[in-house]
Structure formats: structure tokens, C-alpha cells
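Single-letter residue listing:
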Amino acid sequence: MAAGGSYLNLASLSVITTEEEAQLWCREKGLLPADLECPLCGELLHPELKDRSKYGVFICQKKVAGHEVYGRFNLSAANNTFFSGTRLPTRRVLIIMYAFAVKLSYSQTIRECHETNVPEVAESTIADWFSYLREVCRGSLDRRYNNQPNIGGPNHVVEIDECKIGRNKFEAGRLVEDSWVLGMIDRQTKEVRLEICPNNKRDIHTLLCLIRKHVAAQSTIMTDCWKGYDDLTLQNFRELAENHNLNFVDPMSGASTILIKNSWRPLKQRLCRGGVRKDDLSDHLCEYLWRQDCSRLQRDPFDAIIEDIKVLYPGGLHQDLDDCV
């Protein structure tokens with residue numbers, strides 16, 4: 001939920017009717033820089049509108065110390081922002097961001113982007129922007145995993161299961177381009193981790209490497225007796241196993257992998273709903289994990305995607321100074 005229970009939605013975007021209003025909104029939200037300190041002399045700059053410059057340009061040509069070598073400083077206000085290089089009107093980009101956040105389909109997104117006497121946005125364009133936003137999801141996860149590399153730990157139970165994910169061919173139910181994915185969920189925190197098995201293997205060595213990567217030592221791990229989980233106890237983990245041929249919950253140990261198995265259903269339904277290329281599977285898994293985190297941490301998805309874009313694309317100088325003079 002957004003801070004104070006205040007959500008951003010299409011109604012809040014509908015008041016934006018011009019390019020100028022859209023850019024002002026982005027500057028207020030921190031998606032575009034409102035000013036920039038000149039790296040040569042420290043002067044505070046504001047974007048100046050120039051020909052063929054949609055978002056304006058930061059310009060400093062003062063004849064003061066710092067400018068002797070480089071002379072004039074010149075940098076697009078869209079540099080190193082999410083809007084860098086786009087030809088779409090800013091308002092449409094915002095609507096696409098919202099559509100992605102609330103899981104609208106391509107056709108629904110095209111309808112929301114419709115404007116009278118303006119060409120429709122192509123489905124391929126929507127697909128490209130959704131792909132860019134999945135990269136934002138990946139960046140958000142990378143930052144969090146760097147700060148919190150593992151789930152589990154002492155007194156924590158982690159359920160582990162592997163699943164084959166692909167896409168349906170001719171709606172016949174047969175999966176093609178299958179990939180084995182290892183899933184892990186911490187029962188206490190409900191945090192989920194997913195990892196594509198390298199070389200599509202799920203042998204003992206592969207699974208143990210992935211488990212050590214994501215699960216803290218001294219965790220209690222619950223598995224389904226697959227032979228790939230042998231020797232977990234030798235890796236400083238405590239293993240409890242359930243045999244699906246006999247029970248869904250082991251009557252002796254209480255072992256169960258119901259939570260992680262229930263996580264596969266919505267993931268597979270979403271991925272199989274139009275097919276996902278194997279090369280794109282990783283980004284789609286990142287999107288799924290990002291949405292799981294939004295739910296678990298009570299983050300409004302549109303607020304969250306805005307905040308994550310601001311971190312990944314902070315704007316300002318992000319290149320050699322020689323290219324800005």
C-alpha cells in the first residue's frame with residue numbers, strides 16, 4: 001500500500017493532458033531531474049528548451065574556474081533517465097508504466113493509451129516497454145539480494161521444490177522449450193527465491209550449489225525426497241522430507257512442500273498464457289518475484305515501479321565528461 005493509503009492510478013494520470021504537464025509530474029516524482037549542479041563550476045542549472053530537445057538541456061558556459069579545459073557544459077535533461085531516447089509522448093510512457101504495474105494485457109494497455117487523432121501504440125512497442133520494466137524489476141531484486149543474500153537461517157523452515165516451466169504448443173498441453181527452475185520459500189517470512197537450473201540440470205551438485213547460494217546455513221529444509229537433495233545434512237542444513245507417493249504432509253516429521261508447490265500455479269498460468277521464449281524466462285521470473293515482494297512488503301506496484309526506476313535511472317551525469325562539452 002502506498003504511504004498513508006494513497007494510491008496512484010489512471011484517474012490521477014488522467015489530469016495530465018499535455019507534454020509539459022507530464023514532464024512536470026515526472027520532475028515532481030523524481031523521474032526527471034529538475035536541476036543539476038554543473039560538474040565544472042558547481043553552478044545550479046535548470047533545463048533549457050532547445051530545438052529537437054524534448055526534455056530540455058542543462059547548459060553552463062560560464063567563463064569561470066573549471067571551464068578553462070572543457071569550456072561549455074551541455075547535457076540532455078533526459079540523460080540516464082528512463083525516458084532517454086524515447087519518441088513516445090511522456091504521458092503514454094506513464095500509462096504504460098501503470099499498465100505494467102497493475103498487470104494489464106497488451107490490448108488493454110493499447111486501449112488506455114488511445115488518444116483521438118493520434119496513431120495507436122503498436123503492440124510491439126508495448127512489449128518493448130514491458131521488457132524495459134522487467135529490467136527495472138531485476139535491478140530491484142539485485143539490490144535487495146546484495147543486501148540480503150539468503151533466506152532462512154536458524155529456526156527458519158525453507159520449503160524447496162523444482163518445476164519444469166515452458167510454454168504450450170498449439171494449446172495441446174505439451175510444453176516446449178522447457179526449463180527446470182528451483183523454487184525456495186521461507187515459511188516464516190514468506191519470501192520466495194527462484195533460480196533457473198544451469199544447463200537445465202537438477203542433479204545433486206547443481207541443486208546444492210543453488211541452495212547454498214540462496215539459503216542460509218542451519219536452515220531446516222523441507223523437500224519431496226527427490227534424489228537431487230541427498231547430502232543436504234552434510235552441507236550444514238537440516239532436512240525433512242515428504243514422500244508424495246504416500247503423503248502430502250509427512251505424518252512423522254510434519255514435512256510438507258505445499259507452500260512452494262502452490263507458488264508454481266500462478267507463475268505457470270501467467271507464463272504459459274501467451275508463451276515466453278526461453279531467453280526471456282529469467283526476466284519474467286524476476287517480474288514474478290518483484291510482484292511477490294510488493295505483496296509481501298505491502299508496496300503499491302505503481303509506487304514501487306516509480307521508486308525502483310528512480311534508483312536505476314537517477315538522471316544526471318553518467319558518462320565521460322568529454323561527451324558533455
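Residues numbered from 1 in each chain as written. Predicted model: local features only at pLDDT ≥ 70, side-chain atom pairs only at ≥ 80, totals over all residues. Heavy atoms only, no water.

**Some remarks on the overall build of the protein chain**
Our working definition: Strands here are runs of E lasting at least two residues and helices are runs of H or I lasting at least four, both read from the DSSP assignment and numbered beginning at the N terminus. Any residue under 20% of the maximum accessible area for its type is buried, any over 50% is exposed, and the rest in between are partly exposed; the area is computed with a 1.4 Å probe on protein chains only. Residue contacts are counted whenever heavy atoms from the two residues lie within 4.5 Å of one another. Values of accessible area rely on a 1.4 Å probe in the Shrake-Rupley scheme; residue burial ignores everything except the protein chains shown.
The helix and strand inventory of the protein chain stands at nine helices and nine strands. Across the 325 residues that make up the protein chain, the buried fraction comes to 44%. The contacts in the protein chain between residues at least 6 apart in sequence include a share of 58% that link residues at least 24 apart. Surface summary for the protein chain: the accessible area is close to 17,200 Å², and the carbon and sulfur share equals 48%.

**As for unusual backbone geometry**
Trans peptide bonds make up the majority, and among non-glycine residues the majority have a negative phi. Of note, the phi angle at Lys190 is positive, near 65°, even though the residue is not glycine. Among the secondary structure elements, Lys190 is positioned in the loop between strand 6 (175-186) and strand 7 (192-196). One non-glycine residue, Asn199, adopts positive backbone phi at about 55°. With respect to the helices and strands, the residue Asn199 is situated in the loop between strand 7 and helix 6 (204-214). Judged by its relative accessible area of 69%, Asn199 falls in the exposed class.

**Things to note about the packing of helix 5 (residues 123-147) against helix 9 (residues 301-312)**
Cut-off, in case you're wondering: Axis geometry follows a simple rule: fit a line to the C-alpha atoms, using only the stretch in contact for helices, then measure angles between N-to-C directions, giving values from 0 to 180 degrees. Roughly parallel refers to an angle under 35 degrees, roughly antiparallel to one over 145, roughly perpendicular to one between 65 and 115, and oblique to any angle outside these ranges. Amino acid classes used here: Ala, Val, Leu, Ile, Met, Phe, Trp, Tyr, Cys and Pro are nonpolar; Asp, Glu, Lys and Arg are charged; the rest, including Gly, are polar.
Closest axis-to-axis distance for the helix 5/helix 9 pair is 9 Å, and the angle between their directions is 75°. One element, helix 5, and the other, helix 9, form an angle in the roughly perpendicular class. Judged by residue contacts, Leu133, Glu135, Val136, Cys137, Ser140 and Arg143 of helix 5 engage Ile305, Asp308, Ile309, Val311 and Leu312 from helix 9. Its residues assigned to classes, the contact of helix 5 with helix 9 comprises seven nonpolar, one polar and three charged.

**Structural notes on the packing of aromatic side chains**
Rules: Any Phe, Tyr or Trp ring, taking Trp's six-membered ring, that has another such ring centre within 6.5 Å forms a pair; planes under 30 degrees apart are called stacked, those over 60 apart edge-to-face, and the others tilted. We count a charge as sitting over a ring when the NZ of a lysine or the CZ of an arginine lies within 6 Å of the ring centre and within 35 degrees of the ring normal.
In total, this model carries nine aromatic pairs according to the counting rule given. Judged by centre distance (5.3 Å) and plane angle (75°), the rings of Trp129 and Tyr132 are edge-to-face. Highlighted residues: Trp129 and Tyr132, both in helix 5, separated by three residues, approximately one helical turn. Using a relative accessible area of 7% as the deciding quantity, one classes Trp129 as buried. Each member of the aromatic cluster is reached from another via a ring pair, and the members are Tyr55, Phe82, Phe83, Trp129, Tyr132 and Tyr313. The ring of Tyr145 has Arg193 lying over it, and the distance from NZ or CZ to the ring centre is 3.8 Å. Here the guanidinium or amino end of Arg291 rests over the ring plane of Phe100, the centre of that ring lying 4.9 Å away.

**So, the side chain of Thr90**
Checked against the element boundaries, Thr90 lands in helix 3 (residues 90-101). What Thr90 contacts, discounting residues up to four positions off in sequence, is Glu19, Ala22, Gln23, Cys26, Lys54, Tyr55 and Phe83.

**Some points on the layout of surface pockets**
Operational definition: Grid points spaced at 1 Å over the protein atoms alone were grouped into cavities, where a 1.4 Å probe fits but cannot get out, and pockets, open sets with protein on both sides within 12 Å along at least five of seven lines, with lining residues defined by an atom within 4 Å of a point. Grid points are joined across faces, edges and corners, and a volume is the space filled by probe spheres set on the points.
What the second largest pocket holds in volume is close to 280 Å³. Lining the second largest pocket we find 13 residues, and of these Arg138, Tyr145, Leu194, Glu195 and Cys286 sit closest to its centre. Counting residues per element, the ones that place at least two in the lining of the second largest pocket are helix 5, strand 7, helix 6 and helix 8 (281-296).

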